[in-house]
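These are the residues of each chain, in order.
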Amino acid sequence: MKFIFYILTFFTLTEHAQDHKVEMISKFDSAELGSNKWALESFQGIDKLDISFTNAQKLIGKDFKIIIRKYKKGKIEIEKIVIDTKSEGLPTIGKNFKFSILSQQILNNQKIAFFFSNFSNKQIFDVNKKFKDGSFLLRDVCGSEDDKVDFIIGKETQIGLITPPNIDPSKGNLGYCEVSKGNIDVAEWYQKYKISEFFLLYILIEE
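**Thoughts on the sheet that holds strand S6 (residues 109-115)**
Right, so step 1: Taken in spatial order, the six strands of this open sheet run S7-S6-S5-S2-S1-S9, and their pairing is antiparallel. Here the strands that pair on one side only, and so sit at the sheet edges, are strand S7 (120-126) and strand S9 (149-150).
Right, so step 2: Relative to strand S5 (residues 98-106), strand S2 (residues 46-53) runs antiparallel, the two sharing seven bridges. Residue pairing for S5: Asp47 is matched across the bridge by Ser103.

This is how it looks when you write it as structure tokens:
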């Protein structure tokens, strides 16, 4: 009987912990195929990714940072904290925290924007002119709509990546899932896939 009690206690505690942990959900906001919105976004080369969190109430009142790292030939070319709510006096996390990432490549520039319920931030970066407009695409980090990423407060978590297409079909699908896991060696990834320029996007929610 004691053994059964311990087993039941273990599963109860595990289920309780699962119910209270924070997970990140990312989902593309894609217009209905054939709609006017779909035609406009396709023509302009705009990608939109919505980010939300389970148990978001655990994040209320916390400050956060958004970081963009641009890589060139496998090394960081630019590292930029584009949002820092604490130093900039921006609103802290409120109820039902969520935001959207928008990405557009046009005229040799990569435009990246973050839209929250009460403010937004827009950035622009130069990209090599060899890449035609619309070559860079925003990539999901969860893999599918049903997947979630465990989120740790006080630790950087990848929220997206922006890459051009694979120029060598023999390399497969660029190993996007490897980058999405956030635990790879970027230099090794570059050596394998030879992606000369790409962006990694991160969020850090302060403890």
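**Topic: the nonpolar core**
Right, so step 1: Of all hydrophobic cores here, the largest spans 45 residues; its most connected members are Phe53, Phe64, Ile66, Phe97, Phe99, Ile101 and Phe114.
Right, so step 2: Looking at this core, the elements that each hand over two or more residues are S2, strand S3 (64-72), strand S4 (75-84), S5, S6, strand S10 (157-163), helix H5 (186-193) and strand S11 (197-205).
Right, so step 3: Counting residues per element, this core draws most heavily on S11, at eight residues.
Right, so step 4: Not counting residues up to four positions away in its chain, the partners in contact with Ile101 are Asp47, Lys48, Leu49, Ile51, Ile112, Ala113, Phe114, Leu138, Ile159 and Leu201.

**A look at the side chain of Gln104**
Right, so step 1: Tracing the backbone through its elements, the reader meets Gln104 in strand S5.
Right, so step 2: You can call Gln104 buried: its relative accessible area is 13%.
Right, so step 3: Side-chain polar atoms of Gln104 contact the backbone oxygen of Gln44, separated by 2.8 Å.
Right, so step 4: With near-sequence residues (within four places) excluded, Gln104 lies in contact with Gln44, Gly45, Ile46, Asn109, Gln110 and Lys111.

**Digging into the confidence of the model for the protein**
Right, so step 1: On average, the protein scores 82 in pLDDT, and the residues at 70 or more come to 79%.
Right, so step 2: Taken together, the stretch residues 5-17 has pLDDT below 50 and engages in zero contacts with residues farther than four places along the chain or on a different chain.

**Some points on the environment of Thr92**
Right, so step 1: As for its placement among the helices and strands, Thr92 is situated in the loop between helix H3 (85-88) and S5.
Right, so step 2: In the structure, Thr92 is positioned 28 residues away from Phe64 in sequence and 7.4 Å away in space, judged by C-alpha atoms.

**Structural notes on the sheet that holds S3**
Right, so step 1: The strand order S4-S3-S11-S10-S8 describes an open sheet built from five strands, whose pairing is antiparallel. One side of each edge strand has no neighbouring strand; the edge strands of this open sheet are S4 and strand S8 (137-139). With direction set aside, neighbouring strand axes in the sheet form an average angle of 20 degrees.
Right, so step 2: Across nine bridges, the pairing between S3 and S11 is antiparallel. Paired with Arg69 across the strands is Leu200, a residue of S11.

Parameters and conventions
- Residues numbered from 1 in each chain as written.
- Predicted model: local features only at pLDDT ≥ 70, side-chain atom pairs only at ≥ 80, totals over all residues.
- Heavy atoms only, no water.
- Pairing = 2+ DSSP bridges.
- Helix = DSSP H or I, 4+ residues; strand = E, 2+ residues; numbered from the N terminus.
- Core = buried A, V, L, I, M, F, W, Y, C linked by side-chain atoms within 4.5 Å.
- Buried < 20%, exposed > 50% of the residue type's maximum accessible area, 1.4 Å probe, protein only.
- Contact = heavy atoms within 4.5 Å.
- Polar contact = N/O pair within 3.5 Å; in protein donor to acceptor, adjacent residues only side chain to side chain.
- pLDDT = per-residue confidence, 0-100.
- Axes fitted to C-alpha atoms, helices over the stretch in contact; angles between N-to-C directions.

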